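If you want the building blocks of each chain, they are given just below.
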Amino acid sequence: MGNPQSTRVIGTLRNTLIIGAVLLAGLTGAVQAQTSTIRLLVGFPPGGGTDVIARTLAEKLKDQLGTSVIVENRAGAGGQIAAQALKAAPADGMTFFLTHDHTVSILPLVTKNPGFDPAKDFVAVAGFATFVNALAVSGGTPAKSMNEYVAWVRNTQNGKGNVGIPAPASVPEFLVKLIGEKYKLDLQAAPYRGSAPMIADMLGNQIGAGVGSIPDFIENHKAGKIRVVAVLGGARQAALPDVPTFAELGLSGFEDLPYYGIFAPAGTPKATIDRFAEAVSKVVAMPEVRDRLTAMGLTVGYMPPAQLASREHAYAQTWARIIKASGFQAQ
């Protein structure tokens, strides 16, 4: 017979080893879970339209992909900081970039050294919506229509006015210039670091008007805190059926709609791109997601990688002509 004390020691040691193995397995799993978290970069501050859209998708993408998807805000320079972060990220399928047209189509046209080249540094993953830009007036402005806003600027502001825009050298900046030219007003674009601070100033009546996307304005418009008075695009928006288009008001030529899409670092494996794209297609097909994005003023429609890449290129060409005609020089 063996020594009872030795038997107890061996049993205790065995139990200790088993517990240690279980704890190690749990720790390893936790580390793997942390390292498998997908980052979805956003180039604008929390609370803005793009951030809300990203969080809406991320919540559902994690279920489709079977892993955590976190939104990481890299705000500043109209999305330029986030785009540079995407370029620097490993092409391992763990970092993606959700953005609208400004960062990937417009910034390279208006910035001499943006720090990235979409054609070389990024690969299109999936598009999921188009939208329109709009002119909105603050609650402290008496105007309830485009004509009333023009009359207010002309008659009470000596024909001069500041109009907020979410980023410098953006489509909204060129729209401010074109609106001023059409109505013979001295309108100056006032750039902000994203739509959220711009709208905060509009709500505080620090600035009389702003140009931005429908998703940026829609909630405060519905609440009566600001008023959208005109939208771009070839047709009125379903979310704002009473608001006329600029084409109706005589400012046409801007029917090519901006878009929202997701991009990955160049070199990301095709299988990874296809898997993420399929997840996006399933998420935007969900009624609750589609309804949420539609209520924000988006026109939801999935675009596979090749279609998004084609749209990005075509949109950049359209605005390259407009920007050149304006006389703007890349800075």
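Relevant structure appears above.
Below: a short report on this structure. (Residues numbered from 1 in each chain as written. Predicted model: local features only at pLDDT ≥ 70, side-chain atom pairs only at ≥ 80, totals over all residues. Heavy atoms only, no water.)

**Focus on the pairing of strand 2 (residues 69-73)**
Our working rule: DSSP bridges decide pairing: two strands pair if at least two such bridges lie between them. Secondary structure elements follow DSSP: runs of H or I no shorter than four residues count as helices, runs of E no shorter than two count as strands, and numbering proceeds from the N terminus.
Sheet topology note: the strand 1 (residues 38-42)/strand 2 ladder contains five bridges and is parallel. Within strand 2, the position partnered with V42 by the bridge is N73.

**Topic: the packing of aromatic side chains**
To describe a pair of aromatic rings, you give the distance between the ring centres and the angle between the ring planes. Threshold: Side-chain rings of Phe, Tyr and Trp, where Trp is taken by its six-membered ring, are said to pair if the distance between their centres is within 6.5 Å; with planes under 30 degrees apart they count as stacked, over 60 as edge-to-face, and otherwise as tilted. Any residue under 20% of the maximum accessible area for its type is buried, any over 50% is exposed, and the rest in between are partly exposed; the area is computed with a 1.4 Å probe on protein chains only. In this analysis the charged atom, NZ for Lys or CZ for Arg, is taken to sit over a ring once it is within 6 Å of the ring centre and within 35 degrees of the ring normal.
For the structure on display, the rule yields eight aromatic pairs. Seen from their ring centres, F116 and F122 are 5.4 Å apart, and the 20 degrees between their planes marks the pair as stacked. The exposure classification of F116 matches that of F122, with both residues buried. An aromatic cluster is present here, built from F128, F131 and Y260 joined pairwise through their rings. A cation over an aromatic ring shows up here: K182 above the ring of Y183, its NZ or CZ 5.2 Å from the ring centre.

**Notes on helix 9 (residues 214-222)**
Selection criterion: In this analysis, two residues are considered to be in contact whenever any of their non-hydrogen atoms come within 4.5 Å of each other.
Those residues of helix 9 not exposed but buried are I214, P215, D216, F217, I218 and N220. Of the surrounding secondary structure, the elements contacted by the buried residues of helix 9 are helix 2 (49-65), strand 5 (133-138), helix 8 (195-203), strand 8 (209-213), strand 9 (226-231) and helix 11 (287-295). Trailing helix 9 by a residue or two, G224 shows a phi angle of about 80 degrees, which is positive.

**Here we look at the packing of helix 2 against helix 10 (residues 270-284)**
Put simply, the rule is: Think of each axis as a best-fit line through the C-alpha atoms, taken over the contacting stretch in the case of a helix, with angles from 0 to 180 degrees between the N-to-C directions. An angle below 35 degrees is read as roughly parallel, one above 145 as roughly antiparallel, one from 65 to 115 as roughly perpendicular, and any other as oblique. A crossing counts as left-handed when the near helix is turned anticlockwise from the far one by less than a right angle, and as right-handed when that turn is clockwise. When residue character is reported, Ala, Val, Leu, Ile, Met, Phe, Trp, Tyr, Cys and Pro are called nonpolar, Asp, Glu, Lys and Arg charged, and the others, Gly included, polar.
Two elements in contact, helix 2 and helix 10, have axes separated by 9 Å at closest approach and are oriented at 120 degrees. One finds that helix 2 runs oblique with respect to helix 10. The hand of the helix 2/helix 10 crossing is right-handed. On the side of helix 2, the interface is formed by L57, K60, L61, Q64 and L65, while helix 10 contributes R275, F276, A279, V280, K282, V283 and V284. For the contact of helix 2 with helix 10, the class distribution of residues is eight nonpolar, one polar and three charged.

**Details of the sheet that holds strand 11 (residues 299-303)**
Strands sit in the order 2-1-3-10-4-11 across an open sheet of six strands; the sheet is mixed. On the outer flanks of this sheet lie strand 2 and strand 11, each paired with one strand and no other. Averaged over neighbouring strand pairs, the angle between their axes works out to 25 degrees when direction is ignored. Bridge analysis of strand 1 against strand 3 (residues 95-100) gives four bridges, and the strand direction is parallel. Among the inter-strand pairings, L40 is bridged to a residue of strand 3, identified as F96. Across the sheet, helix 10 lies against strand 1, strand 3, strand 4 (122-130), strand 10 (259-265) and strand 11, angled at about 5 degrees from strand 4, the strand it touches most.

**As for unusual backbone geometry**
The phi angle at A77 is positive, at roughly 55 degrees, despite the residue not being glycine. Tracing the backbone through its elements, the reader meets A77 in the loop between strand 2 and helix 3 (80-88). Residue A77 is classed as partly exposed on the basis of its relative accessible area, which comes to 39%. For K184, which is not glycine, the phi dihedral falls at a positive 55 degrees. Within the fold, K184 resides in the loop between helix 7 (171-183) and strand 7 (186-191). Given a relative accessible area of 72%, K184 falls into the exposed group.

**Thoughts on the environment of G93**
For G93, the position within the fold is in the loop between helix 3 and strand 3. Taking relative accessible area as the criterion, G93 reaches 8% and is therefore assigned buried. In this structure the C-alpha to C-alpha distance between G93 and G267, which are 174 residues apart in sequence, comes to 9.5 Å. The residues contacting G93, other than those within four sequence positions of it, are I38, T268 and T272.

**Some details on the environment of T103**
How we decide: We define a polar contact as two N or O atoms separated by no more than 3.5 Å, with the added condition that, inside protein, one atom must be a possible hydrogen donor and the other a possible acceptor, whereas residues neighbouring each other in sequence contribute only through side-chain atom pairs.
By the element assignment, T103 lies in helix 4 (residues 101-110). You can call T103 buried: its relative accessible area is 0%. Note: C-alpha distance between T103 and A83 (20 residues apart in sequence) is 7.4 Å. In contact with T103, not counting residues within four places along its chain, are F44, G78, G79, Q80, A83, F97, P108 and F116. A polar contact of 3.3 Å, which involves the side chain of T103, links it to the side chain of T99.

**Concerning the pattern of salt bridges**
Here is the rule: Here, a salt bridge means any Lys or Arg side-chain nitrogen found within 4 Å of an Asp or Glu carboxyl oxygen.
Within this structure, the stated rule accounts for 10 salt bridges. Residues E288 and K60 are paired through a salt bridge, measuring 3.4 Å at the closest nitrogen-oxygen approach. With E288 in helix 11 and K60 in helix 2, the pair connects residues that are 228 residues apart, well separated along the chain. Accessibility expressed as a relative area gives 43% for E288, which makes it partly exposed. With its nearest N and O atoms 2.6 Å apart, the salt bridge here joins K270 to D274. On the criterion of helical spacing, the pair formed by K270 and D274 is a turn pair, its members being four residues apart in helix 10.

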